[in-house]
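Commentary on secondary and tertiary structure
The primary structure of each chain is shown beneath.
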Amino acid sequence: MKDCSIQLTNHPGDLARVAQALGRRGVNIKALAGLSIGGTAMARILPDDIVVARGALEAANIRFSESEVHIVLLENKAGELANVASRLGEAGINLEAIYITGIAGDLIELAIVSDNPKKTKKILEEF
């Protein structure tokens, strides 16, 4: 699974332009994170189909980068995120993005992007 990282201009309608490009091609957004700091904005999008999303963004001349995403299912209770983040940090892994992709009962599904996908995958398999 992969996500798309898109630097935006932090102007009205910029995120709409990205969402419209994906929507026209039938790409569903499973998770989204966005942040604006100063004059720079960033969106990270987890599409349901990276191949179609890639084509949609390229056709709309929207520059983006892709990153590998790893999924982990955790108990939905205090301290679980701290435990995962600590284990990854102790292994020297830097988190680039984290999404909540689902909550069901006592479980929460997280999607994690890091600077070391192979090592991240190995650590998350322990949870």
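Located above this text is the structure these notes cover.
A brief structural summary. (Residues numbered from 1 in each chain as written. Predicted model: local features only at pLDDT ≥ 70, side-chain atom pairs only at ≥ 80, totals over all residues. Heavy atoms only, no water.)

**Considerations on the environment of Asn 94**
By secondary structure assignment, the location of Asn 94 is in the loop between helix 3 (80-90) and strand 6 (95-104). On the accessibility criterion, Asn 94 (47% relative accessible area) is partly exposed. Separated by 20 residues in sequence, Asn 94 and Ser 114 place their C-alpha atoms 5.7 Å apart. In this structure Asn 94 touches Val 113, Ser 114 and Asp 115, once residues within four positions along its chain are discounted. (Helix = DSSP H or I, 4+ residues; strand = E, 2+ residues; numbered from the N terminus. Buried < 20%, exposed > 50% of the residue type's maximum accessible area, 1.4 Å probe, protein only. Contact = heavy atoms within 4.5 Å.)

**Some points on the sheet that holds strand 2 (residues 29-37)**
Spatially, the four strands line up as an open sheet ordered 2-3-1-4, and their pairing is antiparallel. One side of each edge strand has no neighbouring strand; the edge strands of this open sheet are strand 2 and strand 4 (65-68). Neighbouring strand axes in the sheet, compared pairwise and without regard to direction, differ in orientation by 20° on average. Set on the sheet, helix 1 (residues 14-24) makes contact with strand 1 (2-8), strand 2 and strand 3 (40-47); between it and strand 1 the angle comes to about 145°. (Pairing = 2+ DSSP bridges. Axes fitted to C-alpha atoms, helices over the stretch in contact; angles between N-to-C directions.)

**Section: the pairing of strand 3**
Extensive coverage of strand 3 is indicated by the burial of six of its eight residues. Both strand 1 and strand 3 contribute to a ladder of five bridges, which runs antiparallel. Opposite Cys 4, over in strand 3, you have Ile 45 as the bridge partner. Once strand 2 ends, the chain turns through two residues before running back antiparallel as strand 3, passing Gly 38 with a positive phi of about 65°.

**Here we look at the side chain of Ser 67**
With respect to the secondary-structure elements, Ser 67 resides in strand 4. A relative accessible area of 15% places Ser 67 in the buried class. Within polar-contact distance, the side chain of Ser 67 engages the side chain of Arg 44 at 3.3 Å. The residues touching Ser 67, leaving out its near neighbours within four places in the chain, are Met 1, Lys 2, Asp 3, Arg 44, Glu 96 and Val 113. (Polar contact = N/O pair within 3.5 Å; in protein donor to acceptor, adjacent residues only side chain to side chain.)

**Describing helix 2 (residues 50-59)**
Every buried residue of helix 2 is accounted for by Ile 50, Ala 53, Ala 56 and Leu 57. Each buried residue of helix 2 sits inside an arc of 120° when the element is viewed along its axis, so together they form one side. Exposed side of helix 2, more than 90 degrees from the buried face: Val 51 and Ala 59 are the residues found there. Buried residues along helix 2 sit in contact with strand 1, helix 1, strand 3 and strand 4. (Arc of directions from axis to C-beta.)

**Concerning the sheet that holds strand 6**
One open sheet holds the three strands; their spatial order is 5-7-6, and the pairing between them is antiparallel. Strands at the two margins of the open sheet, each flanked by one partner only, are strand 5 (70-75) and strand 6. Averaged over neighbouring strand pairs, the angle between their axes works out to 25° when direction is ignored. One ladder, built from six bridges, connects strand 5 with strand 7 (residues 107-114); its direction is antiparallel. The partner of Ile 71 across the bridge, within strand 7, is Ala 111.

Nothing here speaks to function; it is geometry throughout.
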